[in-house]
Amino acid sequence: MSSSNQTDRSIMGGKGASLQDMAEYLRVPSFAILGTQVFDNFLKEIGLSKSYSRYFSLKCDGHISIDLEIVRQKLQAIILAAPFSDYTTMKLEEAWSRVPSGLKVARSSASVEDHGDASWAGQFLTRFGIATFDEWVSAVREIWVSILGASPIAYLETVKGHSEPPLMAVILQNIVSPLASGLFFVQAPNQTAPTVQIDAIYGLGIPLVSGRATPESWIVDSAQGIIKNCEFGGGSTILLDDQSGSLPGTSRFLGNSIEIRKDSNPILDHLWTGLPVVSSWLEIEVLSKSKVMQIYEEGLLYAQRSKCLVEMEWVMDCDQSVHWLQCRPITRHQDVVPADERTSITHDSDVIIKGIPASSGTVSGTVWFHSMDQPNTNNDIILFKPYITPSDIPDL
């Protein structure tokens, strides 16, 4: 991508660099980027720069020890507690002033994110529902700290070739109140012919990108520019965390029953964060065919100039205008570790399933793919699920 060169990535992070480039060609919600230099300068001001760099140098070299885990936790605690200087506060105010009023989201944009070899998707923090400057300040701290989270550190241990400590930029962006959200794949994951795949769900895209929702999937023949087929989603129910203790409520949207859990923050009440509960016999199109073709044409045009295989996130507002949120290369992370460096139990012929672990560490036990398959036994069980629903909580 023309503006996503190494210099841009080092200043705006991977996600920020691609967003800046997308804004030149596509409709993108208003945004500002708090650059990596603000984070780097903050570490220097509080005397953590050398310790931070030393920690990541050891982790990149494969060191694992209890002492390093203690260092990680101490670094997080100091970053959360240290006061901001006048310079940092000024930069925060500048970014806040550039984004129009309204509900906002703060997104991570680490220097290592959205790379062709490892996307780091889902490893760092995103904060929705930011309404005040103080909430923006708190979100920045939390996102900075997330670079030292247990999950990204475990992810780092599986990625080869990183020698520099990652730095974190933060994107502040207006939230589009969504009618629907989804993903655009310039090459459909399970297709060999040139085909584009467009996935869509109602409401916010969080359940989709986190793997908790089954989307409506459209396949478009990119050689002929025609829709080949559409597979409808299974009708999932997503319940939000409820800090107020109230029971789930039921709303109506487009005639379909929606189960939602009211958020304790009234500012979020108008955002749809649930999914339609669809009967197995009922097919409901999230997108019209004309809207599918619009997303196809806009996404393909931009993907072609990126000169690599990409996936893109989009959102459609209540006026059915399409906004683009993110573009990242389809990762080659699964090929990062050479075959001769894998352990003896992971020969290609023995691999059952691949994915990103929810937590670090090594586990052993009997593999089950459905919770009802679990025997009445005290033996350790490893449960693989394509997504998690509230009914799985007792099993967890």
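Analysis parameters
- Residues numbered from 1 in each chain as written.
- Predicted model: local features only at pLDDT ≥ 70, side-chain atom pairs only at ≥ 80, totals over all residues.
- Heavy atoms only, no water.
- Buried < 20%, exposed > 50% of the residue type's maximum accessible area, 1.4 Å probe, protein only.
- Helix = DSSP H or I, 4+ residues; strand = E, 2+ residues; numbered from the N terminus.
- Pairing = 2+ DSSP bridges.
- Axes fitted to C-alpha atoms, helices over the stretch in contact; angles between N-to-C directions.
- Contact = heavy atoms within 4.5 Å.
- Phe/Tyr/Trp six-rings, centres within 6.5 Å; stacked < 30°, edge-to-face > 60°.
- Lys NZ or Arg CZ within 6 Å of the ring centre and 35° of its normal.
- Lys, Arg positive; Asp, Glu negative; His and termini not counted.
- Salt bridge = Lys/Arg side-chain N within 4 Å of Asp/Glu carboxyl O.
- Polar contact = N/O pair within 3.5 Å; in protein donor to acceptor, adjacent residues only side chain to side chain.
- Core = buried A, V, L, I, M, F, W, Y, C linked by side-chain atoms within 4.5 Å.
- Parallel < 35°, antiparallel > 145°, perpendicular 65-115°, else oblique.
- Left-handed = near helix turned anticlockwise from the far one by under 90°.
- Nonpolar A, V, L, I, M, F, W, Y, C, P; charged D, E, K, R; others polar.

1. Section: the pairing of strand β2 (residues 104–110)
Then, in step 1: In terms of residue burial, β2 counts as a mostly covered element, since seven of its seven residues are buried.
Then, in step 2: Side chains Lys104, Ala106, Ser108 and Ala110 project from β2 onto one buried face, and the interleaved Val105, Arg107 and Ser109 project onto a second face that is buried too.
Then, in step 3: Bridge analysis of β2 against strand β3 (residues 126–130) gives three bridges, and the strand direction is antiparallel. Within β3, the residue paired with Ala106 across the bridge is Arg127.

2. A closer look at the sheet that holds strand β4 (residues 168–174)
Then, in step 1: The four strands lie next to each other as β1-β4-β2-β3, forming an open sheet whose pairing is antiparallel. Of all strands in the sheet, those bounded by a partner on one side alone are β1 (31–34) and β3. Here the average twist between neighbouring strands, direction ignored, is 20°.
Then, in step 2: Alignment of β2 against β4, held across seven bridges, turns out to be antiparallel. Across the sheet, the residue bridging to Ser108 is Val170, located in β4.
Then, in step 3: Sitting on the sheet, helix α6 (residues 133–146) is in contact with β1, β2, β3 and β4, with an inclination near 140° to β4.

3. Quick word on the packing of aromatic side chains
Then, in step 1: In the structure shown here, the tally under the stated rule is 10 aromatic pairs.
Then, in step 2: Residues Phe39 and Trp144 carry aromatic rings whose centres are separated by 5.2 Å and whose planes lie at 50° to one another, so their mutual orientation is tilted. Placement of the pair is Phe39 in helix α2 (residues 36–45) and Trp144 in helix α6, with a sequence separation of 105 residues.
Then, in step 3: Trp144 gets classed as buried once you look at its relative accessible area, which sits at 0%.
Then, in step 4: Taken together, the ring pairs in this structure connect Phe39, Phe42, Tyr52, Tyr55, Phe56, Phe84 and Trp144 into an aromatic cluster.
Then, in step 5: Lying over the aromatic face of Phe84, Arg141 brings its terminal NZ or CZ to 3.9 Å of the ring centre.

4. Re the pairing of strand β5 (residues 178–185)
Then, in step 1: Among the eight residues that make up β5, eight are buried, leaving the element largely enclosed by the rest of the structure.
Then, in step 2: Here seven bridges tie β5 to strand β11 (residues 310–317), and the two strands are oriented antiparallel to one another. In the sheet register, Ala180 faces β11, and the bridge partner there is Met316.
Then, in step 3: Relative to strand β6 (residues 195–202), β5 runs antiparallel, the two sharing six bridges. For Ala180, the partnering residue across the bridge sits in β6 and is Tyr202.

5. Some remarks on the environment of Ile78
Then, in step 1: Considering the arrangement of structural elements, one finds Ile78 in helix α4 (residues 66–81).
Then, in step 2: Taking C-alpha positions, Ile78 is 9.4 Å from Val145, a pair spaced 67 residues apart along the chain.
Then, in step 3: With residues up to four places along the chain from it excluded, the contact list for Ile78 reads Ile46 and Leu48.

6. Notes on the side chain of Glu216
Then, in step 1: Considering the arrangement of structural elements, one finds Glu216 in strand β7 (residues 216–221).
Then, in step 2: No salt bridge forms around the buried Glu216; measuring N to O, its nearest opposite-charge neighbour Lys289 is 11 Å away.
Then, in step 3: At 3.1 Å, the side chain of Glu216 forms a polar contact with the backbone nitrogen of Leu287.

7. Examining the nonpolar core
Then, in step 1: The biggest cluster of nonpolar side chains holds 43 residues, and the ones touching the most others in it are Phe39, Ile79, Trp136, Trp144, Met168 and Val170.
Then, in step 2: A per-element tally of this core places α6 first, with seven residues.
Then, in step 3: With near-sequence residues (within four places) excluded, Ile79 lies in contact with Phe39, Phe42, Leu43, Leu48, Arg141, Trp144, Val145 and Leu148.
Then, in step 4: The next biggest cluster of nonpolar side chains, apart from the first, holds 36 residues, and it includes Leu19, Leu287, Val310 and Met316.

8. Here we look at the packing of α2 against helix α5 (residues 86–98)
Then, in step 1: Packing of α2 against α5 leaves a shortest axis separation of 10 Å and a crossing angle of 160°. If you check the angle between α2 and α5, you find them roughly antiparallel. In this structure, the crossing between α2 and α5 has a hand that is left-handed. In contact with Gln37, Val38, Asn41 and Glu45 of α2, α5 contributes Tyr87, Thr88 and Lys91.
Then, in step 2: In terms of residue class, the contact of α2 with α5 is made up of two nonpolar, three polar and two charged.

9. Notes on the pattern of salt bridges
Then, in step 1: Tallied over the entire structure, the rule returns nine salt bridges.
Then, in step 2: Among the ionic pairs, Glu113 bridges to Lys15, the shortest N-O distance being 3.4 Å. Separated by 98 residues along the polypeptide, Glu113 in the loop between β2 and β3 and Lys15 in helix α1 (residues 6–22) bring together distant segments of the chain. Residues Glu113 and Lys15 agree in their burial class; the two are buried.
Then, in step 3: Arg72 is the partner of Glu69 in a salt bridge, and the nearest nitrogen-oxygen pair spans 2.6 Å. With Glu69 and Arg72 both in helix α4 and three residues apart, this pair spans about one turn of that helix.
Then, in step 4: For Arg72, a relative accessible area of 7% corresponds to the buried category.
Then, in step 5: A single network of salt bridges, built from pairs that share partners, joins Lys91, Glu94 and Arg98.

Just geometry here; none of it tells us what the structure is for.
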